[in-house]
Amino acid sequence: MTSASASLSVPEALAPPVPPASRGAALIEFLLVGGATLVLFPLLWLLRRSVGLDSAELAVGFVAFHAGYVINDPHFSVTYLLFYRDFKRRAFGGAFGPGQRIRYLLSALVVPLVLLVWALLGLWTHSATALGSLVQLMFLLVGWHYVKQAFGVLAVLSARRGVRFSPRERLAFLVHCFAGWAYAWSSPFDPGREVEEKGVVYTTLGHPHGLELATGVAFALSTVGVVWVLAGKWRAERRLPPLAPLAGFLITIWIWTVYSSVDPLMVYVIPGLHSVQYLYFVWLLRRNQARAAEGPPHFGRPAAVQIGLLAVSALGLGWLLLRGAPTLLDSLLIGTPRSPAAQTDLGPTPYFATFFAFVNIHHYFMDHVIWRRENPETQHLRA
């Protein structure tokens with residue numbers, strides 16, 4: 001989800017704001033955009049105290065893995081369904097302005113082609129270095145993706161409730177986002193070590209000495225900037241951003257991105273919480289688009305039917321991309337003769353690792369196009 005330089009932002013002229021939500025609806029929104037994290041902390045602590053860390057990890061990991069079929073995987077695949085819908089008009093027609101069209105073509109054609117060539121070369125040459133570099137790019141960009149989505153949550157939900165941010169305020173929030181991303185990636189210090197991800201064994205890219213300290217200082221200073229901006233907004237307007245978007249923003253950056261390992265069980269559920277946050281905005285967008293299409297001049301299918309079809313399609317495509325296709329290819333590869341070195345480096349599931357990295361990275365770039373303010377479809381987030 002992305003805006004001019006961060007995610008999920010909509011045109012500044014969003015007006016009028018939606019009516020205030022009921023307490024029940026406001027609570028649900030708070031939980032969906034990140035507030036559930038605060039509820040899970042004591043529950044996970046109680047689970048560890050009750051059954052011990054090992055048993056708790058086994059149980060939470062098991063639930064998180066299988067929940068991925070209906071939460072994490074569809075959050076990736078629904079991006080494809082949104083992004084490539086009406087491809088011809090977006091790529092070559094008048095749906096987008098010149099700048100947005102260029103971004104669209106790059107993410108629709110150039111980025112997947114580069115990733116495909118990269119992945120095929122790695123698989124063809126049995127290069128753990130090539131596939132490991134692809135995985136490392138994924139880990140580098142995932143923080144970028146998370147913090148952009150954090151800014152989008154803050155910008156969109158605040159705008160829906162009539163709270164706008166000045167350019168100076170937006171800059172302070174964005175600096176905090178990207179400082180958090182930099183600090184999360186550089187911490188802890190990594191001189192370069194051998195690791196394994198999805199069966200692929202590779203050596204990580206070492207961090208320079210002092211990078212962790214420098215990015216930590218930048219993150220601390222950006223925190224001061226955010227506090228200063230919020231205090232100034234209170235002094236000038238006697239109000240702060242609504243609770244749900246502000247909590248979603250801070251939880252995404254501080255708990256999901258920077259201090260994600262503060263709880264040994266929380267690391268298993270953060271991807272699911274992030275996916276729920278993302279899917280909530282997909283639901284907002286598609287629900288309002290579907291409602292608009294129900295009446296004249298389109299007289300389309302009922303909104304519930306349209307949303308249901310999207311959900312079923314996302315479930316099916318998610319299974320195909322992240323479970324079915326890589327599992328089939330890896331199972332076929334088992335019977336293919338390979339050198340012991342290649343078998344050791346790439347492990348038993350190289351296609352799973354490749355699909356996983358490809359889909360993640362492409363998702364980040366598609367997201368950077370879909371949720372920009374320049375995308376006219378984001379106007380549907382206002383309702």
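In the block above lies the structure referred to throughout.
Below you will find a few notes about this structure. Everything numeric in this text was worked out from a predicted model, so none of it was measured.

**Quick notes on the overall build of the protein chain**
Okay, step 1: The helix and strand inventory of the protein chain stands at 13 helices and two strands.
Okay, step 2: The C-alpha atoms of the protein chain give a radius of gyration of 22 Å, which matches the 21 Å a tight globule of 383 residues would have.
Okay, step 3: Overall size of the protein chain, expressed as C-alpha extent along the three principal axes, is 65 × 50 × 45 Å.
Okay, step 4: Within the structure as shown, the protein chain displays about 18,200 Å² of accessible surface, and the carbon and sulfur contribution to it stands at 71%.
Okay, step 5: Within the protein chain, the 20 negative side-chain charges are centred at a point lying 13 Å from the centre of the 30 positive side-chain charges.

**Things to note about the packing of helix α8 (residues 211-237) against helix α9 (residues 243-258)**
Okay, step 1: Following both chains from N to C, one finds α8 and α9 inclined at 170 degrees, their axes separated by 14 Å at the closest point. By the angle between their directions, the pair α8 and α9 is classed as roughly antiparallel. Counted together, Phe219, Thr223 and Leu230 of α8 and Leu246, Ile253, Trp254 and Val258 of α9 form the full contact between these two elements.
Okay, step 2: Among the residues making up the contact of α8 with α9, the classes are represented as six nonpolar, one polar and no charged.

**Focus: the pattern of salt bridges**
Okay, step 1: Tallied over the full model, the rule gives twelve salt bridges.
Okay, step 2: For the salt bridge of aspartate 263 with arginine 48, the shortest nitrogen-to-oxygen distance reads 2.9 Å. Note that aspartate 263 is positioned in the loop between α9 and α10 (266-294) and arginine 48 in helix α1 (residues 23-51), a separation of 215 residues in sequence.
Okay, step 3: Judged by relative accessible area, which is 22%, arginine 48 ranks as partly exposed.
Okay, step 4: Salt-bridge contacts for lysine 198 lead to glutamate 197; the nearest nitrogen and oxygen are separated by 2.6 Å.
Okay, step 5: Judged by its relative accessible area of 23%, lysine 198 is partly exposed.

**Some remarks on unusual backbone geometry**
Okay, step 1: The amide bond that connects serine 187 to the next residue, proline 188, takes the cis arrangement and shows omega of 0 degrees.
Okay, step 2: Mapped onto the secondary structure, proline 188 falls in the loop between α7 (167-186) and β1 (194-197).
Okay, step 3: You will see that aspartate 86, though not glycine, has its phi angle at about 60 degrees, which is positive.
Okay, step 4: Within the element layout of this structure, aspartate 86 appears in the loop between α3 (72-83) and α4 (87-92).
Okay, step 5: What makes aspartate 86 partly exposed here is its relative accessible area of 35%.
Okay, step 6: Even without being a glycine, arginine 238 presents a positive backbone phi close to 60 degrees.
Okay, step 7: For arginine 238, the position within the fold is in the loop between α8 and α9.
Okay, step 8: The exposed category is assigned to arginine 238, whose relative accessible area is 55%.

**A look at the environment of glycine 143**
Okay, step 1: Positionally, glycine 143 belongs in helix α6 (residues 128-160).
Okay, step 2: Residue glycine 143 is classed as buried on the basis of its relative accessible area, which comes to 9%.
Okay, step 3: Measuring from C-alpha to C-alpha, the distance between glycine 143 and valine 359 comes to 16 Å, with 216 residues separating the pair along the chain.
Okay, step 4: Dropping the residues within four chain positions of it, glycine 143 is found in contact with Trp181 and Thr257.

**A short note on the side chain of arginine 323**
Okay, step 1: Assignment of secondary structure puts arginine 323 in helix α11 (residues 303-334).
Okay, step 2: Using a relative accessible area of 13% as the deciding quantity, one classes arginine 323 as buried.
Okay, step 3: A polar atom in the side chain of arginine 323 sits 2.7 Å from the side chain of aspartate 73.
Okay, step 4: Leave out the neighbours within four places in its chain, and arginine 323 touches Phe65, Gly68, Tyr69, Asp73 and Gly318.

**Points about the packing of helix α5 (residues 98-124) against α6**
Okay, step 1: One can describe the packing of α5 onto α6 by two numbers: an axis separation of 8 Å at closest approach and a directional angle of 145 degrees. Here Leu115, Trp118, Ala119, Gly122 and Leu123 of α5 come into contact with α6, specifically with Ala130, Leu131, Ser133, Leu134 and Leu137.
Okay, step 2: In terms of residue class, the contact of α5 with α6 is made up of eight nonpolar, two polar and no charged.

**Details of α3**
Okay, step 1: Over its twelve residues, α3 runs 17 Å from end to end, which matches the ideal 16 Å to within 8%, given 1.5 Å per residue.
Okay, step 2: Where burial is concerned, most of α3 is hidden: eleven out of the twelve residues are buried.
Okay, step 3: Taken residue by residue, α3 has Asn72, Asp73, Pro74, His75, Phe76, Ser77, Val78, Thr79, Tyr80, Leu82 and Phe83 as its buried positions.

Reading the values: the criteria
Residues numbered from 1 in each chain as written. Predicted model: local features only at pLDDT ≥ 70, side-chain atom pairs only at ≥ 80, totals over all residues. Heavy atoms only, no water. Helix = DSSP H or I, 4+ residues; strand = E, 2+ residues; numbered from the N terminus. Rg over C-alpha atoms; globule rule 2.2 N^0.38 Å. Areas by Shrake-Rupley, 256 points an atom, 1.4 Å probe, with all protein chains shown as cover. Lys, Arg positive; Asp, Glu negative; His and termini not counted. Charge placed at Lys NZ, Arg CZ, Asp CG, Glu CD. Axes fitted to C-alpha atoms, helices over the stretch in contact; angles between N-to-C directions. Parallel < 35°, antiparallel > 145°, perpendicular 65-115°, else oblique. Contact = heavy atoms within 4.5 Å. Nonpolar A, V, L, I, M, F, W, Y, C, P; charged D, E, K, R; others polar. Salt bridge = Lys/Arg side-chain N within 4 Å of Asp/Glu carboxyl O. Buried < 20%, exposed > 50% of the residue type's maximum accessible area, 1.4 Å probe, protein only. Polar contact = N/O pair within 3.5 Å; in protein donor to acceptor, adjacent residues only side chain to side chain. Expected span 1.5 Å × (residues − 1).

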